[in-house]
Amino acid sequence: MRQNTANKPHGPSTLTVKGRDMRVRTIGFVILAALAIWFIAANTGSITVRLWIPTVTLPLWIVLTVTLLVGIVLGLFIARRRAQR
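None of the values given here were measured: they were computed from a predicted structure.

S.K.: Give me the overall build of the protein: which residues, what numbers.
M.R.: When helices and strands are tallied, the protein shows 2 helices and 4 strands. The N-to-C order of helical and strand elements in the protein reads β-β-α-β-β-α. The buried share among the 85 residues of the protein stands at 2%. For the protein, contacts bridging at least 24 residues in sequence account for 12% of all contacts bridging at least 6. Approximately 8100 Å² of the protein is accessible, and the part contributed by carbon and sulfur atoms is 65%.

Below you can see the structure in the form of C-alpha cells.
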C-alpha cells in the first residue's frame, strides 16, 4: 500500500546533538557566530576611519563589532519585513 506524503508538512531539518534535536540552521548560526568572534578577536590593531568629515582612530575590533551588529539588525529587519508579506 502506498502512503500519501503530499499532504504532510515538512518540518525543519534537525540533527541530534548530545541527545537534543537541534535545527541545522541553528548549528550553522552558532558556527558563523564563533568564526565572527574569532575573527574580531584576532584583529586588534588600530585603524583610521574617515566618516565623511571627521577622521577617527579606533581599534579594528570595535569597527568589526559595530559592523557585525549593524548587519545583524539589518538582517533581522529584512527577515521581519519578508515574513509580514
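Once the structure has been displayed, the description carries forward.
S.K.: Requested: an account of a nonpolar patch on the surface, with residues and values cited.
M.R.: A contiguous nonpolar surface patch, about 580 Å² in accessible area, is contributed by Ile31, Leu32, Leu35, Trp38 and Phe39. In this structure, Leu32 sits in helix α1 (residues 24–42). Among the residues examined, Leu32 registers a relative accessible area of 58% and is labelled exposed.

S.K.: Tell me about the environment of Gly45, and please be specific about residues and values.
M.R.: Relative to the assigned elements, Gly45 resides in the loop between α1 and β3 (46–50). In this structure Gly45 comes out as partly exposed when scored by relative accessible area, which is 39%. Spatially, the C-alpha atom of Gly45 lies 5.7 Å from that of Leu60, the residues being 15 residues apart in sequence.

S.K.: Kindly report on the packing of α1 against helix α2 (residues 60–84), identifying the contributing residues and their values.
M.R.: Where α1 meets α2, the closest approach of the two axes is 8 Å, and the angle between their N-to-C directions is 155°. It follows from the interaxial angle that α1 and α2 lie roughly antiparallel. As for how α1 packs across α2, the hand of that crossing is right-handed. Of α2, the residues touching α1 (which contributes Ala36, Phe39 and Ile40) are Trp61, Leu64, Thr65 and Leu68. Looking at the contact of α1 with α2 residue by residue, the class counts come to 6 nonpolar, 1 polar and no charged.

S.K.: Pulling in residues and values, what's your account of unusual backbone geometry?
M.R.: For Trp52, which is not glycine, the phi torsion reads 50° and is therefore positive. When you line up the elements, Trp52 lands in the loop between β3 and β4 (55–59).

S.K.: Residues and numbers for the pairing of β4, please.
M.R.: Where β3 and β4 come together, 5 bridges link them in antiparallel fashion. For Val49, the partnering residue across the bridge sits in β4 and is Val56.

What counts, and at which threshold
Residues numbered from 1 in each chain as written. Predicted model: local features only at pLDDT ≥ 70, side-chain atom pairs only at ≥ 80, totals over all residues. Heavy atoms only, no water. Helix = DSSP H or I, 4+ residues; strand = E, 2+ residues; numbered from the N terminus. Buried < 20%, exposed > 50% of the residue type's maximum accessible area, 1.4 Å probe, protein only. Contact = heavy atoms within 4.5 Å. Areas by Shrake-Rupley, 256 points an atom, 1.4 Å probe, with all protein chains shown as cover. Patch = residues over 30% accessible without salt bridge, like charges linked within 9 Å, V, L, I, M, F, W, Y side chains within 5 Å. Salt bridge = Lys/Arg side-chain N within 4 Å of Asp/Glu carboxyl O. Axes fitted to C-alpha atoms, helices over the stretch in contact; angles between N-to-C directions. Parallel < 35°, antiparallel > 145°, perpendicular 65-115°, else oblique. Left-handed = near helix turned anticlockwise from the far one by under 90°. Nonpolar A, V, L, I, M, F, W, Y, C, P; charged D, E, K, R; others polar. Pairing = 2+ DSSP bridges.

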